[in-house]
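# Residue-level structure breakdown
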Amino acid sequence: MLLHLAAALYGLNLLVGLVAQLGGVGFGRWHHALYALVFATAIAALILEFHPGLLLTVAALAALPRARPGTWRHPALAALGGLGHVAALLLD
């Protein structure tokens, strides 16, 4: 259940980030607050419902603050972390 919540929050944050990036909408505060919640739930899911795919997600989330928005690294890391969630959900 926690794994599904973590993946849903991750997906929601991906959408918020995508809308902010493509639509030029300033969701910065909401995106960052949601990022903190996403990171916390990903770590909790990793600890309580371990799946190797979540290691990729947590690593990508940890690297995201160093990848500035507007660069190719930010969406690439976000997509990579999403793949970790997909792997965890599909191979659960």
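Residues numbered from 1 in each chain as written. Predicted model: local features only at pLDDT ≥ 70, side-chain atom pairs only at ≥ 80, totals over all residues. Heavy atoms only, no water.

A few words on a nonpolar patch on the surface. Among the surface-exposed residues, Leu15, Leu18 and Leu22 lie close enough to one another that they form a single nonpolar patch of about 340 Å² accessible area. Among the secondary structure elements, Leu18 is positioned in helix 1 (residues 2-23). Of the residues examined, Leu18 reaches a relative accessible area of 46% and is grouped as partly exposed. (Patch = residues over 30% accessible without salt bridge, like charges linked within 9 Å, V, L, I, M, F, W, Y side chains within 5 Å. Areas by Shrake-Rupley, 256 points an atom, 1.4 Å probe, with all protein chains shown as cover. Salt bridge = Lys/Arg side-chain N within 4 Å of Asp/Glu carboxyl O. Helix = DSSP H or I, 4+ residues; strand = E, 2+ residues; numbered from the N terminus. Buried < 20%, exposed > 50% of the residue type's maximum accessible area, 1.4 Å probe, protein only.)

One way to put it is that helix 2 (residues 28-48) packs onto helix 3 (residues 52-63) with a least axis distance of 10 Å and a crossing angle of 150°. Between helix 2 and helix 3, the angle falls in the class roughly antiparallel. Helix 2 and helix 3 meet at a crossing whose hand is left-handed. When helix 2 is examined against helix 3, the residues Tyr35, Val38, Phe39, Ala42, Ile43, Ala45 and Leu46 are found in contact with a partner set consisting of Leu54, Leu55, Thr57, Val58, Leu61 and Ala62. A per-class count over the contact of helix 2 with helix 3 returns twelve nonpolar, one polar and no charged. (Axes fitted to C-alpha atoms, helices over the stretch in contact; angles between N-to-C directions. Parallel < 35°, antiparallel > 145°, perpendicular 65-115°, else oblique. Left-handed = near helix turned anticlockwise from the far one by under 90°. Contact = heavy atoms within 4.5 Å. Nonpolar A, V, L, I, M, F, W, Y, C, P; charged D, E, K, R; others polar.)

Moving on to the environment of Ala88. With respect to the element layout, Ala88 can be found in helix 4 (residues 73-90). A sequence separation of 84 residues divides Ala88 from His4, and the C-alpha atoms of the two residues are 9.4 Å apart. For Ala88, the residues in contact, after removing those within four places along its chain, are Leu3, His51 and Leu54.

Of all hydrophobic cores here, the largest spans 21 residues; its most connected members are Val38, Leu54 and Leu61. Breaking this core down by element, the ones donating at least two residues are helix 1, helix 2, helix 3 and helix 4. With seven residues, the top contributor of residues to this core is helix 2. Residues in contact with Leu61, not counting those within four places in the same chain, are Tyr10, Tyr35, Val38, Phe39 and Ala42. (Core = buried A, V, L, I, M, F, W, Y, C linked by side-chain atoms within 4.5 Å.)

Quick look at the environment of Ala79 now. In this fold, Ala79 is placed in helix 4. For Ala79, a relative accessible area of 42% corresponds to the partly exposed category. Ala79 sits 65 residues away from Leu14 along the chain, and the two C-alpha atoms are 8.3 Å apart.

Along its 21 residues, helix 2 runs 30 Å from first to last C-alpha, staying within 8% of the 30 Å computed at 1.5 Å per residue. Listed in full, the buried residues belonging to helix 2 are His31, Leu34, Tyr35, Val38, Phe39, Thr41, Ala42, Ala45 and Leu46. Each element contacted by the buried residues of helix 2 is listed here: helix 1, helix 3 and helix 4. (Expected span 1.5 Å × (residues − 1).)

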